[in-house]
Structures are given as C-alpha cells and as structure tokens.
Amino acid sequence: MTSGSDLLDVVLGGGLPRDAIILVMGAPGAGKTIFAQQWVFANATPEGSALYLSTVSEPLEKILRYGQTLSFFDPGAVGHSVWYEDLGGVLRDRGLPGVLERVRELIRVRRPAMIVIDSFKAMHPYAGRSGAFRPFLHDLAGMLSAFPATSLWVGEYQEDEIQRSPEFAVADAIIALKSVHSAERTSRSLQVHKLRGGGFLAGTHSYRLSEDGITVYPRLADPADARDYELHGERVPSGIRALDDMLDEGYWSGASTLVAGPTGIGKTLMGLHFIFHAVNQGDGAIIATMQEDPSQLERTASQFGWSVKSDNLTLMYRSPVDLNVDQWVYELLDMIETTGASRVLLDSLADLQAAAPDKTRFREYLYSLLHRSSRQGTSLMMTYELPELFGVSKLSDVAASHMADNVVLLQYKGATGEMSRTLTVLKTRATDHRSGVRDFQITADGIVLVPAQTAE
C-alpha cells in the first residue's frame, strides 16, 4: 500500500507491505506523526478505515490541531474513515493489560484496515520492572497478525535500540527518520533498516517537511537505466564563437562541458551564449542558477540582445541559502523531462557542492545528473569558480573535470600593467581541439578570440 509519498514508495520498492507491523523511529520533530497521518489519509476509506491511537507522548487534541494545518488532512473523513482514540487515560489507570483490552475492543467495533499507535515507545515505562512489556508485545503482535490490518508503531527510538528493544524483532519494516540541525540549515534523512520481502533502496535519502507532509528524495547514486544506450552521432556548435573556433566540428550532442575560472572572467556569459544559441534555434533550454537572481540575469542578458523571459527558456533560480540538493536535482530532472530541453546551464557547481552533505554525495548527484542528461540527449554546461586569478596549476577533482566530456579553463593574464583574459580547451572527449592558450575579449558581440597575430 502507498506510504502517502510517491517517491517514498520508490524507496520502499513499491510501498509498505499490507497486514504488516511497520515501526517508524526518530527523535522529536523528525516528522513521525506527520508521516503517520499522511499514510492514514492517503489510504483510509469507509470500507477500510484507519484507527489512530495516541498514548502519553502527545495529547490527542494537539495531534488533531496540528494535523488540521496539513493540506492532506480531511476533516470530513474524521469519524467516517479515520477514527482517533486517546489511550492515555486507559494506560495510566489500567496499565498495559487495559491497553490490550481496549485495542481488542476497538478492533472488534471499528474493523480497521490500518492502526497507528503514537507513541509506542511511551508505553514502556508502564511495564515497570516486572518484565510485563514482552508478554504485552507478544499478545498485541499476535492479535494484530490474526486480524487483517496494517499497523504503524511510532516511537522516539535511538539507533542502538534497534538491537535491544523487542518491538524491532516483531516489526516487518523499520523506517528511521533523522534530523540534523546546524546554524546554517536543518538536514533530514530517511533510512529503511528492514522491509519484509526486501527490494528497497538502501542508503540514506533526503526528505523535507511542509504543509503537504513528508516529501522524500531518493538517493541518486546511479543512472536511471544502466543498460547500454545509443548516443546521437551529431556534432553541434556550442554557440560560443571563441570556443567553436577552437573545437573540431563542434561538440557531441548530449555532452557535458565544464567552464572553470576565477570571479568575473566570463563564465556566466559563456553559459548564456551556450543557452541562447539553442533558444534562437527554437529549442528548449534551462538556466539553473544559484548565482544571480532573475533581475540580475536579465540585466546581463539584455546587454547582448537576449532575454531570460524568452518563451522556450525556463529559468530555475534557487537561493544557495538552505538549498536542499536532493530536492534541487529532482526538480531539475523533472524540468528537463517536462520541457524537453536540449541544453542546460548549471551556474554554479561550487554552490551545489557547498550545499551537499559530503563530497561522496556530491559526486553521486553529479554523476547521475550527467548520465541522465546524456541519455536524454540534453547538453549540459557547468560553471565552477576557481580561487586563483592567475596561474591556475590544477583543477580540483570535485570540479567534475574527470566526469565532464569537455573542460574549458578561463584565466587572467597580466601584461604591461594591464590584465587580459585567456581561454584554454583542456579536454574534449571523442573529438579533437586546438591546444594552446588564446586571448579573448568580451565585446558587444559577446566572447570572441583575439586574432593570434595581434595578441600580446
């Protein structure tokens, strides 16, 4: 059955197993209750209703009040397909035997297809020192297994409790939600520790919480399709006059190009040349930028007769502050598929790298993006800012120079008290290029090479 999130269903290999016990763990504020309510409202019907049982972790009134702020919460379903019950009083007055008796009674009356217990861990202290929790757990699990219902147990468990707490042994699925807070941002990750029948995506997966519930972004570690695919045998101009002058018959369609250089050297302008060549040909294109907002980009583009408001151009501006890389990658991939864009400018890799949780994940995002773009025949240009203004001796490996099909280095050169700009094609995959360092200028026509005989 669906988890309530399409992309979480992808992580789960299709969804949650029916007639199973699913344990959702995480610290307070990780989104466990949101997850549980999202699952309930995505599946409950009058014929297959849901029973939501609160214990002594949060008052039922608070759960309902916060639930009503979520977009999927349907007040009309409450009392018809979704039933709420507070077990706190029963737990305090009659202990675990009273809870077991009340749950049995509610199952008999409501005949639910789904049962949530929130929080399950909060019932532990009511077992005392008599060891009564294991018999309670055995009886409850047996009762739920005998009745055709899917159960979701929510708890504020720590990772090491997976090996110690008996409820993890009886659970058919274990889903861990984790929040890490820092001064800059809050990052959230989800991991499936266990799933009956297997088939889930291993590793950690990013997620976000909003009024729409929990939105999961499955980890991008491999191309979407690892089978061989046919590359287009077409060479096309980059649209950058200075670069085309140094390439042999242009570059391959679907290729990726890295443009690296210091600040102010012309990386973004080179990317705009690349994009508007496609736009002027009537092809779709995307500018995915974290460097300049739409107004700033429009001002730059207008100086060369372009406009980012062109019909077949899509501008995807995201602030680098609190950027969720997983969300960003999925939005871009969806935009490429929706628009059928032939070219994408990514400005810049440095911002994307800074937002990534670690270097390994950054490589995974980039590897998947490059390969998926190549499979769709979408050409990608990426900018990367280097710290050195003069005499760049190497490109950092995180600048994707080893992944990109083409690598272009832009540098400053000091001569007779004046600075000039230089362009070097360091690499072109499966084609030839003119080597050497060439001077270029930024003119009203954009980026152009200085004729070799007049270059200083």
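Residues numbered from 1 in each chain as written. Predicted model: local features only at pLDDT ≥ 70, side-chain atom pairs only at ≥ 80, totals over all residues. Heavy atoms only, no water.

Chemist: Would you take a moment to explain the overall build of the chain for this structure?
Modeler: Along the backbone of the chain there are 12 helices and 20 strands. For the chain, whose C-alpha radius of gyration is 28 Å, the value lies well above the compact-globule estimate of 23 Å for 456 residues. Taken over the C-alpha atoms alone, the chain extends approximately 95 × 40 × 40 Å along its principal axes. Going through the 456 residues of the chain one by one, you find that 52% of them count as buried. Taking the contacts inside the chain whose residues are at least 6 apart along the sequence as the reference set, 70% of them involve residues at least 24 apart. Charge separation in the chain, taken as the distance between the mean sites of 42 positive and 55 negative side-chain charges, equals 6 Å. (Helix = DSSP H or I, 4+ residues; strand = E, 2+ residues; numbered from the N terminus. Rg over C-alpha atoms; globule rule 2.2 N^0.38 Å. Buried < 20%, exposed > 50% of the residue type's maximum accessible area, 1.4 Å probe, protein only. Contact = heavy atoms within 4.5 Å. Lys, Arg positive; Asp, Glu negative; His and termini not counted. Charge placed at Lys NZ, Arg CZ, Asp CG, Glu CD.)

Chemist: I would appreciate a short explanation of the layout of surface pockets in the present structure.
Modeler: Think of a ball as big as a water molecule: rolled over the atoms, this probe shows where empty space is left. Quantified by volume, the largest pocket comes out at close to 770 Å³. Elements with a contribution of two residues or more to the lining of the largest pocket: strand S1 (21-26), strand S6 (173-181), strand S7 (186-195), strand S8 (204-210), helix H10 (325-339) and helix H12 (359-375). The biggest single contributor to the lining of the largest pocket is S7, with 7 residues. Residues that form the lining of the largest pocket fall into these classes: 13 nonpolar, 15 polar and 10 charged. (1 Å grid on protein atoms, 1.4 Å probe; cavity = no way out; pocket = protein on both sides within 12 Å on 5 of 7 lines; lining within 4 Å. Points joined across faces, edges and corners; volume = space filled by probe spheres on them. Nonpolar A, V, L, I, M, F, W, Y, C, P; charged D, E, K, R; others polar.)

Chemist: Teacher, can you tell me more about the sheet that holds strand S5 (residues 150-155) here?
Modeler: Two orientations exist for strands paired in a sheet by backbone hydrogen bonds: parallel and antiparallel. Here we have 9 strands laid out as an open sheet, ordered S3-S2-S4-S5-S1-S6-S7-S8-S9, and mixed in their pairing. Edge positions in the sheet fall to strand S3 (82-86) and strand S9 (213-217), since each has one partner strand and no second. Adjacent strand axes in the sheet meet at a mean angle of 20 degrees when their direction is disregarded. Sheet topology places S1 next to S6; 5 bridges connect them, and they run parallel. Bridged to Gly26 within S6 is Leu177. (Pairing = 2+ DSSP bridges. Axes fitted to C-alpha atoms, helices over the stretch in contact; angles between N-to-C directions.)

Chemist: What's the story with the nonpolar core in this structure? I'm lost.
Modeler: Within soluble globular proteins, side chains that are nonpolar generally end up buried alongside one another. Of all hydrophobic cores here, the largest spans 40 residues; its most connected members are Trp328, Leu332, Leu346, Leu349, Leu352, Leu366 and Met382. Mapped by element, the contributors of at least two residues to this core are strand S12 (256-261), strand S13 (285-289), H10, strand S15 (343-347), helix H11 (349-355), H12, strand S16 (379-385) and strand S17 (406-415). For this core, the element with the most residues is H10, which contributes 8 residues. Not counting chain neighbours up to four residues away, the residues in contact with Leu352 comprise Met290, Leu323, Val325, Trp328, Leu346 and Phe362. Of all hydrophobic cores here, the second largest spans 38 residues; its members include Val40, Leu152, Val154 and Leu177. (Core = buried A, V, L, I, M, F, W, Y, C linked by side-chain atoms within 4.5 Å.)

Chemist: Just checking my understanding: could you explain the packing of H10 against H12 for this structure?
Modeler: When two helices pack together, you describe them by how their axes are tilted relative to each other and by the distance separating the axes. Contact geometry of H10 with H12 gives a least axis separation of 11 Å together with a crossing angle of 0 degrees. When the axis of H10 is compared with that of H12, the two are roughly parallel. Here Val325, Asp326, Trp328, Val329, Leu332, Leu333 and Ile336 of H10 come into contact with H12, specifically with Arg361, Tyr365, Leu369, Arg372 and Ser373. Here the residues of the contact of H10 with H12 are counted per class, giving 8 nonpolar, 1 polar and 3 charged. (Parallel < 35°, antiparallel > 145°, perpendicular 65-115°, else oblique.)

Chemist: What is the right way to look at empty space enclosed by the protein in this model?
Modeler: One pass over the full model with this rule turns up 2 cavities of 30 Å³ or more. In terms of lining residues, the largest cavity is bounded by Ser238, Leu243, Leu247, Tyr251, Thr257, Phe274, Met381, Asn406, Val408, Val425, Lys427 and Thr428. Elements supplying a minimum of two residues to the lining of the largest cavity: S17 and strand S18 (418-428). Ranked by residue count, the leading element in the lining of the largest cavity is S18, at 3 residues. Split by residue class, the lining of the largest cavity holds 7 nonpolar, 4 polar and 1 charged.

Chemist: Just to check I follow, could you spell out the pairing of S8 for this structure?
Modeler: Side chains on a regular strand alternate between the two faces of the sheet. As paired elements, S7 and S8 share 3 bridges and run antiparallel to each other. Directly across from Gln191, in S8, lies its bridge partner Thr204. Relative to S9, S8 is paired through 5 bridges, and the arrangement is antiparallel. If you follow Ser206 over to S9, its bridge partner there is Tyr217. Counted along the chain from S8 to the antiparallel partner S9, the turn is 2 residues long.

Chemist: I'm lost on the packing of aromatic side chains in this one. Help?
Modeler: How two aromatic rings sit relative to each other is given by the distance of their centres and the angle of their planes. This structure, assessed with the given rule, holds 11 aromatic pairs. Ring plane angle 5 degrees and centroid distance 5.0 Å describe the contact between Phe276 and Trp306, whose orientation is recorded as stacked. One end of the pair, Phe276, is in helix H8 (residues 267-280); the other, Trp306, is in the loop between helix H9 (294-302) and strand S14 (313-317), with 30 residues separating them in the sequence. Residue classification places Phe276 among the buried residues on the basis of a relative accessible area of 1%. Following the ring pairs from residue to residue traces out a cluster consisting of Phe120, Phe133, Phe136 and Trp153. One residue, Arg110, lies across the ring of Trp83, its end atom 3.6 Å from the ring centre. (Phe/Tyr/Trp six-rings, centres within 6.5 Å; stacked < 30°, edge-to-face > 60°. Lys NZ or Arg CZ within 6 Å of the ring centre and 35° of its normal.)

Fair warning: the whole summary comes from geometry, so function is off the table for now.
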